[in-house]
Amino acid sequence: MSPESDYWERWIAPLLAVLAADPPGQMAWSRKHQVRTAAVAEEVKFSLRLAGGMTDRGHFGPAVLQDIKTISQFCDDVVQRGDFGHWEDALQDDPAWEEIRTLARRILIDRLGTWDQPLPRRVLPQRNDD
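Basis of the calculations
- Residues numbered from 1 in each chain as written.
- Predicted model: local features only at pLDDT ≥ 70, side-chain atom pairs only at ≥ 80, totals over all residues.
- Heavy atoms only, no water.
- Salt bridge = Lys/Arg side-chain N within 4 Å of Asp/Glu carboxyl O.
- Helix = DSSP H or I, 4+ residues; strand = E, 2+ residues; numbered from the N terminus.
- Buried < 20%, exposed > 50% of the residue type's maximum accessible area, 1.4 Å probe, protein only.
- Axes fitted to C-alpha atoms, helices over the stretch in contact; angles between N-to-C directions.
- Parallel < 35°, antiparallel > 145°, perpendicular 65-115°, else oblique.
- Left-handed = near helix turned anticlockwise from the far one by under 90°.
- Contact = heavy atoms within 4.5 Å.
- Nonpolar A, V, L, I, M, F, W, Y, C, P; charged D, E, K, R; others polar.
- pLDDT = per-residue confidence, 0-100.
- Polar contact = N/O pair within 3.5 Å; in protein donor to acceptor, adjacent residues only side chain to side chain.
- Core = buried A, V, L, I, M, F, W, Y, C linked by side-chain atoms within 4.5 Å.
- Phe/Tyr/Trp six-rings, centres within 6.5 Å; stacked < 30°, edge-to-face > 60°.
- Lys NZ or Arg CZ within 6 Å of the ring centre and 35° of its normal.

**Quick notes on the pattern of salt bridges**
Any two side chains of opposite charge can pair if their charged atoms end up close together.
So, step 1. Evaluated as defined, the whole model comprises 5 salt bridges.
So, step 2. Put simply, R105 and D22 hold a salt bridge, and the shortest N to O gap is 2.6 Å. Of this pair, R105 sits in helix α6 (residues 96-112) while D22 sits in the loop between α1 (3-20) and α2 (23-33), and the two are 83 residues apart along the sequence.
So, step 3. The class of D22 is partly exposed, set by a relative accessible area of 40%.

**Regarding the packing of helix α4 (residues 62-81) against α6**
So, step 1. Where α4 meets α6, the axes come as close as 10 Å, and the angle between the chain directions of the two elements is 155 degrees. Of the possible angle classes, the one that applies to α4 and α6 is roughly antiparallel. The element α4 and its partner α6 pack so that their crossing is left-handed. In contact with V64, D67, I68, T70, I71, F74, C75, V78 and R81 of α4, α6 contributes A96, W97, E99, I100, L103, A104, R106, I107 and D110.
So, step 2. The residue inventory of the contact of α4 with α6, partitioned by class, reads 12 nonpolar, 1 polar and 5 charged.

**A few points about the confidence of the model for the protein chain**
So, step 1. On average, residues of the protein chain score 83 in pLDDT, and 88% of them reach the 70 mark or higher.
So, step 2. Here helix α3 (residues 37-56) stands out as the element of the protein chain with the lowest mean pLDDT, 81, in contrast to α6, whose mean of 93 is the highest.
So, step 3. A low-confidence stretch, residues 126-130 stays under pLDDT 50, and its non-local contacts, those more than four residues away or across chains, total 12 contacts.

**Quick look at the environment of R106**
So, step 1. Residue placement: R106 occurs in helix α6.
So, step 2. For R106 and V64, which are 42 residues apart along the polypeptide, the C-alpha to C-alpha distance reads 7.9 Å.
So, step 3. A polar atom in the side chain of R106 sits 2.6 Å from the side chain of D67.

**Structural notes on the nonpolar core**
So, step 1. In this structure, W8, L16, L19, V44, I71, W87 and W97 are the most contacted members of the largest nonpolar core, which totals 34 residues.
So, step 2. Contributions of two or more residues to this core are made by α1, α2, α3, α4, α5 (87-93) and α6.
So, step 3. Examining the composition of this core, we find that 8 residues originate from one element, α1, more than from any other.
So, step 4. In this structure W87 touches V18, L19, Q26, W29, S30, V35, R36, T37, V40 and W97, once residues within four positions along its chain are discounted.

**Some points on the packing of α3 against α4**
So, step 1. Where α3 contacts α4, the two axes come as close as 9 Å, and the packing angle between them is 155 degrees. Regarding the angle of α3 to α4, the classification is roughly antiparallel. For the element pair α3 and α4, the recorded crossing hand is left-handed. Of the residues in α4, those in contact with T37, A41, V44, K45, L48, A51, G52 and T55 of α3 are L65, I68, I71, S72, C75, D76, V78 and V79.
So, step 2. Broken down by class, the residue content of the contact of α3 with α4 amounts to 10 nonpolar, 4 polar and 2 charged.

**Structural notes on the packing of aromatic side chains**
So, step 1. Considering all chains together, one arrives at 1 aromatic pair under this definition.
So, step 2. The ring of W115 has R105 sitting right over it, with the charged end atom 3.6 Å from the ring centre.

**Comments concerning the side chain of R101**
So, step 1. Take R101: it is sitting in helix α6.
So, step 2. Take R101: its relative accessible area is 3%, and that puts it in the buried class.
So, step 3. At 2.3 Å, the side chain of R101 forms a polar contact with the side chain of E98.

This is the structure:
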(Lines give C-alpha, C1' and ligand atoms only; values in the text may rest on other atoms or scores of the structure.)
Protein backbone atom coordinates (compact mmCIF):
# COMPACT_ATOMS: atom_id res chain seq x y z
CA MET A 1 0.00 0.00 0.00
CA SER A 2 1.35 3.42 -0.93
CA PRO A 3 1.62 6.17 1.70
CA GLU A 4 -1.16 8.05 -0.11
CA SER A 5 -3.51 5.06 0.03
CA ASP A 6 -2.66 4.52 3.69
CA TYR A 7 -3.33 8.19 4.49
CA TRP A 8 -6.65 8.02 2.66
CA GLU A 9 -7.80 4.80 4.33
CA ARG A 10 -6.54 5.53 7.83
CA TRP A 11 -7.10 9.28 8.27
CA ILE A 12 -8.87 11.13 5.50
CA ALA A 13 -11.76 8.90 4.39
CA PRO A 14 -13.03 8.13 7.93
CA LEU A 15 -12.88 11.77 8.92
CA LEU A 16 -14.66 12.91 5.77
CA ALA A 17 -17.33 10.26 6.42
CA VAL A 18 -17.99 11.84 9.83
CA LEU A 19 -17.97 15.37 8.42
CA ALA A 20 -20.29 14.42 5.54
CA ALA A 21 -22.83 12.45 7.58
CA ASP A 22 -26.34 13.74 8.12
CA PRO A 23 -26.70 15.81 11.32
CA PRO A 24 -28.57 13.11 13.28
CA GLY A 25 -25.79 10.61 12.47
CA GLN A 26 -23.10 13.10 13.42
CA MET A 27 -24.80 13.93 16.70
CA ALA A 28 -25.30 10.25 17.60
CA TRP A 29 -21.66 9.49 16.77
CA SER A 30 -20.49 12.49 18.78
CA ARG A 31 -22.69 11.55 21.74
CA LYS A 32 -21.54 7.92 21.68
CA HIS A 33 -17.85 8.86 21.68
CA GLN A 34 -18.13 12.09 23.72
CA VAL A 35 -16.24 13.93 20.99
CA ARG A 36 -15.12 17.47 21.73
CA THR A 37 -15.31 20.25 19.15
CA ALA A 38 -11.62 21.11 19.48
CA ALA A 39 -10.67 17.49 18.81
CA VAL A 40 -12.72 17.46 15.62
CA ALA A 41 -11.17 20.72 14.40
CA GLU A 42 -7.63 19.53 15.15
CA GLU A 43 -8.22 16.14 13.49
CA VAL A 44 -9.61 17.92 10.43
CA LYS A 45 -6.57 20.14 10.17
CA PHE A 46 -4.15 17.19 10.50
CA SER A 47 -5.98 14.98 8.01
CA LEU A 48 -6.46 17.74 5.51
CA ARG A 49 -2.74 18.56 5.60
CA LEU A 50 -2.19 14.96 4.50
CA ALA A 51 -4.79 15.39 1.78
CA GLY A 52 -3.13 18.62 0.65
CA GLY A 53 0.12 16.73 0.18
CA MET A 54 -1.71 14.08 -1.82
CA THR A 55 -3.18 16.82 -4.00
CA ASP A 56 0.30 18.22 -4.65
CA ARG A 57 1.27 14.78 -5.97
CA GLY A 58 -1.77 14.56 -8.27
CA HIS A 59 -4.06 12.32 -6.21
CA PHE A 60 -6.84 14.92 -6.06
CA GLY A 61 -7.86 17.58 -8.55
CA PRO A 62 -7.80 21.35 -8.06
CA ALA A 63 -11.48 21.53 -7.06
CA VAL A 64 -10.86 19.06 -4.22
CA LEU A 65 -7.82 21.05 -3.12
CA GLN A 66 -9.98 24.17 -2.90
CA ASP A 67 -12.62 22.31 -0.85
CA ILE A 68 -9.86 21.02 1.45
CA LYS A 69 -8.52 24.54 1.96
CA THR A 70 -12.03 25.87 2.67
CA ILE A 71 -12.76 23.15 5.23
CA SER A 72 -9.44 23.91 6.90
CA GLN A 73 -10.31 27.62 7.05
CA PHE A 74 -13.70 26.88 8.62
CA CYS A 75 -11.93 24.78 11.27
CA ASP A 76 -9.42 27.57 11.89
CA ASP A 77 -12.37 29.90 12.44
CA VAL A 78 -14.01 27.47 14.87
CA VAL A 79 -10.80 27.17 16.90
CA GLN A 80 -10.24 30.94 16.93
CA ARG A 81 -13.78 31.55 18.22
CA GLY A 82 -13.02 29.14 21.05
CA ASP A 83 -16.29 27.25 20.61
CA PHE A 84 -15.09 24.29 22.62
CA GLY A 85 -17.30 21.76 24.27
CA HIS A 86 -19.07 18.73 22.90
CA TRP A 87 -19.25 18.56 19.13
CA GLU A 88 -22.88 17.49 19.36
CA ASP A 89 -23.72 20.95 20.71
CA ALA A 90 -21.56 22.77 18.16
CA LEU A 91 -23.30 20.94 15.31
CA GLN A 92 -26.56 22.53 16.39
CA ASP A 93 -25.21 26.00 17.12
CA ASP A 94 -22.53 26.75 14.52
CA PRO A 95 -23.52 27.06 10.83
CA ALA A 96 -19.91 26.40 9.79
CA TRP A 97 -20.51 22.67 10.27
CA GLU A 98 -23.22 22.71 7.58
CA GLU A 99 -20.76 24.27 5.14
CA ILE A 100 -18.10 21.73 6.13
CA ARG A 101 -20.64 18.93 5.58
CA THR A 102 -21.34 20.12 2.05
CA LEU A 103 -17.64 20.33 1.17
CA ALA A 104 -16.83 16.93 2.70
CA ARG A 105 -19.62 15.40 0.64
CA ARG A 106 -18.22 16.89 -2.55
CA ILE A 107 -14.78 15.45 -1.82
CA LEU A 108 -16.17 11.98 -1.13
CA ILE A 109 -18.31 12.07 -4.26
CA ASP A 110 -15.24 13.08 -6.28
CA ARG A 111 -13.18 10.25 -4.78
CA LEU A 112 -15.75 7.47 -4.23
CA GLY A 113 -18.81 8.42 -6.25
CA THR A 114 -20.96 8.80 -3.12
CA TRP A 115 -20.77 10.69 0.15
CA ASP A 116 -22.77 8.25 2.27
CA GLN A 117 -20.13 6.16 4.08
CA PRO A 118 -20.20 4.17 7.31
CA LEU A 119 -18.99 6.14 10.30
CA PRO A 120 -15.70 4.98 11.80
CA ARG A 121 -15.44 3.18 15.11
CA ARG A 122 -12.33 4.98 16.25
CA VAL A 123 -12.63 7.92 18.56
CA LEU A 124 -10.79 11.15 17.90
CA PRO A 125 -8.08 12.04 20.41
CA GLN A 126 -9.30 14.39 23.13
CA ARG A 127 -7.65 17.50 24.50
CA ASN A 128 -7.54 18.07 28.23
CA ASP A 129 -7.86 21.84 27.97
CA ASP A 130 -11.11 22.11 26.03
